[in-house]
Amino acid sequence: SSNPTSDGSAAESDDEKPDNNSGSNLLRNIRLAAAPKLARMAGEHGYDVVREYVDDAISTSDDKRPGFQQMIADAQHGEFKAVIVWNSDRFSRGDVTETEYYRHLLRAGGAVVLSVTEDYLGREGIDGDVLRTVKQFQNRQFSISLSQNTLRGQISSVLAAGCALALVILPQ
């Protein structure tokens, strides 16, 4: 990793949506396509990219992602000044309170969260708070819907194949 500049440093969070049909090549290609834009944004804000945190094939609604947890820990040690994501759902699809808690931990370590596609993500004040809250709610709802649709598709595939199916639903 490179040393931070006097203007600060940045870490990229670039967790991409996995496509199990295409494997790791798709993830690599997505990351390669996004990297120059993330790096350009870092430069435009006076940051050098010092590290990438990547959690391939782990849902962004899972806050126990190893790369994500390492990013939070590194931020709390002041190792960088900004996290730059493609968009807010690459940071988290958790609920609003959970996501703002992680954003708070980053801020406490002196880091901000910026987005290539959502300029309001780094805004302070009421307009930034409202926009982040609405978008985070949308991200969470999308994650829930995606999970339900995935399960429905898996069940349909099993039934179409004529396999026996037993479903056990446990309370959360």
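Values in this document were obtained by computation on a predicted structure and should not be read as measured data.

J.: Teacher, can you tell me more about the pairing of strand β3 (residues 82-85) here?
T.: The two faces of the sheet receive side chains in turn, since in a regular strand these alternate between them. Neither face of β3 is open: one carries Ala 82 and Ile 84, the other Val 83 and Val 85, and all of them are buried. Sheet topology places β3 next to strand β4 (residues 112-115); four bridges connect them, and they run parallel. Across the sheet, residue Val 83 finds its bridge partner in β4, namely Val 113.

J.: Would you mind going over helix α2 (residues 66-76) with me for this structure?
T.: An α-helix turns once per 3.6 residues; consequently, residues spaced three or four apart project the same way. Listed as buried for α2 are Gly 67, Phe 68, Met 71, Ile 72, Asp 74 and Ala 75. One face of α2 carries all of its buried residues, which in axial projection span an arc of 165 degrees. Residue Gly 78 follows α2 closely and has a positive phi angle near 70 degrees.

J.: Before we go on, may I ask you to explain the pattern of salt bridges in this structure?
T.: Charged atoms that come close allow side chains of opposite charge to pair. Under the counting rule described, the total for this entry stands at three salt bridges. We note a salt bridge from Glu 79 to Arg 51, for which the minimum N-O separation is 3.2 Å. Remark: Arg 51 occurs in strand β2 (residues 48-53) and Glu 79 occurs in the loop between α2 and β3; sequence separation between them is 28 residues. With its nearest N and O atoms 3.0 Å apart, the salt bridge here joins Glu 100 to Arg 103. One end of the pair is Glu 100 and the other is Arg 103, both in helix α3 (residues 96-108) and three residues apart, which spans about a single turn. Within the structure, one salt-bridge network assembled from shared partners comprises Arg 51, Asp 74 and Glu 79.

J.: When you look at the environment of Tyr 102 in this model, what are you seeing that I'm missing?
T.: Counting through the fold element by element, Tyr 102 comes out in helix α3. What makes Tyr 102 buried here is its relative accessible area of 9%. For the pair formed by Tyr 102 and Phe 68, sequence separation is 34 residues and the distance between their alpha carbons is 9.8 Å. When neighbours within four sequence positions are excluded, Tyr 102 is seen to be in contact with Asp 63, Phe 68, Gln 69, Ile 72 and Phe 91.

J.: I tried to follow the packing of α2 against α3 on my own but got confused; where do I start?
T.: For any two helices packed against each other, one specifies the crossing angle of their axes together with the interaxial distance. Contact geometry of α2 with α3 gives a least axis separation of 7 Å together with a crossing angle of 35 degrees. For the pair α2 and α3, the sense of crossing is left-handed. For the pair α2 and α3, the contacting residues are Phe 68, Gln 69, Met 71, Ile 72, Ala 75 and Gln 76 in the first and Tyr 102, Leu 105 and Leu 106 in the second.

J.: Looking at this structure, how should I read the environment of Ile 84?
T.: Looking at where Ile 84 falls in the secondary structure, it is placed in strand β3. The sequence separation of Ile 84 and Leu 38 amounts to 46 residues, and the corresponding C-alpha distance is 6.6 Å.

Rules behind the numbers
- Residues numbered from 1 in each chain as written.
- Predicted model: local features only at pLDDT ≥ 70, side-chain atom pairs only at ≥ 80, totals over all residues.
- Heavy atoms only, no water.
- Buried < 20%, exposed > 50% of the residue type's maximum accessible area, 1.4 Å probe, protein only.
- Helix = DSSP H or I, 4+ residues; strand = E, 2+ residues; numbered from the N terminus.
- Pairing = 2+ DSSP bridges.
- Arc of directions from axis to C-beta.
- Salt bridge = Lys/Arg side-chain N within 4 Å of Asp/Glu carboxyl O.
- Contact = heavy atoms within 4.5 Å.
- Axes fitted to C-alpha atoms, helices over the stretch in contact; angles between N-to-C directions.
- Left-handed = near helix turned anticlockwise from the far one by under 90°.

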